[in-house]
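Report on the structure
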Amino acid sequence: MLIQIHILQNYAPSNLNRDDSGSPKSAVFGNQPRGRISSQCLKRSIRRSATFEAAFREAGLLADRTNRLPRLINSELERLGADETARKTISNRLPELGGGSAVKEDHEGELKTKILVYLTPTETKLVAEKLWALYQEMGDKKFAEMKIAEIESKIVHQTPRSVDIAMFGRMTTSVAFEDVAAAVQVAHALSTNRLLPVFDYFTAVDDLSGETGAGMIGDLEMNSSTYYKYFSVCWDDLVRNLGGETEIALPAVIALIEAAALAQPSGKQNSTAAQNLPDFMMIEISAKNVPISYANAFLKPAHHSNEKSLMQNSIEKFSDYVQRMQRAYALNGRRAYFTTEANVDLDSATDVESLPGLQEWVRHQVEGVING
């Protein structure tokens, strides 16, 4: 079963996801410059969203990505009763995981791993327990002299996976931690319209100098665009990544739908407050795992006119393209949508009128498949 999420969302002037020069990310699509929000940015905003935190953090089903593994392991070793000598010997080996150098410290003297390790609190505890058991078996001197590959092989484990790792995957260069293939594909969001950048010239006054004029001058590049966002969820892969637990997989999909709609990129939000929610959202559910992005609906950019707004024109282009693709490829997936715009009629799709209605529709469809 495949679950696909399609969103049209307009943002006020903002710089939500910037490149190395500080400009909003962009791309060329249909031979036209477009605004872009990277898939990595979207995924982070979702997995760190209030929706995911409320649904899964307390149950230990969310992971954290960090290179401060030595700090986490040290705390767990202390809980297990390891003395300071043992904790230091074990922690000193952790920076070598994934091919790093021995005893790698930052400028404040904290041990760090070369790789960003993505793991749950439960997984941290299991790793610490295996390291402590290995240390007690080998003794301080032998543990300190073990090859890192041997240590890694001793702490390999299978653990209950987090919702965010199950959805978005995990790639690591250390054999101690399993690679996990993502069950959710996330596209870079692209503007349906041609990109028109604008610049905010700003000044700041020194409150204490007593001088007239600016104490600081700067500028910020921004843009305002209507974005097409696309997500696909392979249900079978998600259930497999969660150890077959459909009772976690279904709430995970429902939470993903909410977070995809409500979670916002954080870039420059304190100075732009581009807290704009989607005006259109459609979900498709099909038996075959054949993902289809409808980005090509906007090869010719959408536009504003006296009769229709940019959003209205984007929805119209999207609807027309969906129906053309449905006819051309005999697509027979079930569809439901909601929109804040009036006079929208998407053939062969159910208008559920709201985000909660869309979530409930998906829940009903998935439960029907689960229950046969």
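Each residue is numbered by its place in its chain's sequence as written, counting from 1. With pLDDT at 70 or above as the cut-off, local features in this predicted model cover only qualifying residues; side-chain atom pairs require 80 or more to be listed or tallied, and sums for whole chains, interfaces and linings still use all residues. For the side-chain quantities, the full set of heavy atoms in the structure was used; hydrogens and water were omitted.

What to know about the packing of aromatic side chains
Under the pairing criterion, centres of Phe, Tyr and Trp rings, with the six-membered ring standing for Trp, must be within 6.5 Å; the plane angle then separates stacked pairs below 30 degrees from edge-to-face pairs above 60, leaving the rest tilted. Tallying each qualifying case throughout the model produces 10 aromatic pairs. Look at F52 and F56: their rings are 5.5 Å apart centre to centre, the planes differ by 85°, and that puts the pair in the edge-to-face class. Remark: F56 and F52 occur in helix α2 (residues 50–57); sequence separation between them is four residues, near one turn of the helix. Like F52, the residue F56 is buried in the burial classification. Where Y294 meets Y321, the ring centres are 6.2 Å apart and the plane angle is 75°; that geometry is what we call edge-to-face. Helix and strand assignments follow DSSP, with helices taken as H or I runs no shorter than four residues and strands as E runs no shorter than two, numbered in order from the N terminus. Buried, partly exposed and exposed residues are distinguished by accessible area as a fraction of the type maximum, computed with a 1.4 Å probe on protein chains only: under 20%, between the cut-offs, and over 50%, respectively.

Thoughts on the pairing of strand β3 (residues 32–37)
Each regular strand displays side chains that alternate between the two surfaces of the sheet. Pairs of strands are assigned from DSSP output, requiring at least two bridges between the strands. Taken together, the four bridges between strand β2 (residues 26–29) and β3 define a ladder with antiparallel strand orientation. Across the sheet, residue F29 finds its bridge partner in β3, namely Q32. Joining the antiparallel neighbours β2 and β3 is a turn of two residues, in which G30 adopts a positive phi near 60°. Across two bridges, β3 lies against strand β7 (residues 189–191) in antiparallel orientation. Residue pairing in the sheet places I37 in a bridge with A189 of β7.

Details of the pattern of salt bridges
Basic side-chain nitrogens of Lys or Arg form a salt bridge, by our definition, when they fall within 4 Å of a carboxyl oxygen of Asp or Glu. Applying the stated criterion to the full structure yields 16 salt bridges. The salt bridge involving R79 is made with E76; its shortest N-O contact spans 2.7 Å. Placement of the pair is R79 and E76 together in helix α3 (residues 69–79), with a separation of three residues, close to one helical turn. Judged by relative accessible area, R79 falls into the partly exposed class, the value being 47%. Each of R48, E53, R57 and D64 takes part in salt bridges that share partners, so that together they form one network.

Overview of the side chain of N67
By secondary structure assignment, the location of N67 is in the loop between β4 (64–66) and α3. Think of a polar contact as two N or O atoms within 3.5 Å of one another; within protein, one of them needs to be a possible hydrogen donor and the other a possible acceptor, and neighboring residues in sequence only count if both atoms come from side chains. A distance of 2.8 Å separates the side chain of N67 from the side chain of R68, its partner in a polar contact. Any two residues whose heavy atoms approach within 4.5 Å at even a single point are treated as in contact. In contact with N67, not counting residues within four places along its chain, are L111, K112, T113, I115 and L116.

Some words on the side chain of T120
With respect to the element layout, T120 can be found in the loop between β5 (117–119) and α5 (121–138). For T120, the contacting residues outside a window of four places in its chain are G60, L62, A63 and S162.

Some points on the nonpolar core
Grouping buried Ala, Val, Leu, Ile, Met, Phe, Trp, Tyr and Cys residues that are joined through side-chain atoms within 4.5 Å yields what is termed a nonpolar core. If you look at the biggest cluster of nonpolar residues, it comprises 53 residues, and the most contacted ones within it are F52, M167, W235, L238, M281, I283 and V362. At 12 residues, helix α10 (residues 246–262) tops the list of elements feeding residues into this core. Not counting residues within four places of it along the chain, the set of residues in contact with M167 comprises F52, A182, A183, V184, L238, A252, V253 and L256. One finds A82, L97, M146 and I155 within the second-largest nonpolar core, a separate group that totals 24 residues.

Thoughts on the environment of S348
If you trace the backbone, S348 turns up in the loop between β12 (334–339) and β13 (349–351). The class for S348 is partly exposed, based on a relative accessible area of 47%. Linking S348 and E129, residues 219 residues apart in sequence, is a C-alpha distance of 55 Å. Once you skip the residues sitting within four places of it in the chain, S348 turns out to touch Q326 and R335. At a separation of 3.2 Å, a polar atom in the side chain of S348 contacts the side chain of Q326.

Considerations on the environment of K229
By secondary structure assignment, the location of K229 is in strand β10 (residues 226–234). Residue K229 is classed as buried on the basis of its relative accessible area, which comes to 1%. For the pair K229 and D64, spaced 165 residues apart in sequence, the C-alpha separation works out to 25 Å. Setting aside anything within four residues of it in sequence, one finds K229 in contact with I5, H6, I7, Q9, Y11, L42 and A189.

Brief notes about helix α13 (residues 355–370)
Because each turn of an α-helix spans 3.6 residues, side chains separated by three or four positions end up pointing in the same direction. Here the expected span of a helix is defined as 1.5 Å times the quantity of residues minus one. Across its 16 residues, α13 extends 22 Å between first and last C-alpha, which sits within 8% of the 22 Å expected from 1.5 Å per residue. Taken residue by residue, α13 has L355, L358, Q359, W361, V362, Q365 and V366 as its buried positions. Angularly, the buried residues of α13 cover 160° about the axis, an arc narrow enough to put them on a single face. In α13, the exposed positions that point more than 90 degrees away from the buried face belong to P356 and H364. For this quantity, the arc is that covered by the directions from the helix axis to the C-beta atoms.

Here we look at α10
The terminal C-alpha atoms of α10 lie 24 Å apart, and with 17 residues this matches the ideal 24 Å at 1.5 Å per residue to within 8%. Of the residues making up α10, those classed as buried are I248, A249, L250, A252, V253, I254, A255, L256, I257, A259, A260 and A261.

Take it as geometry only, folks, not as evidence of what the structure does.
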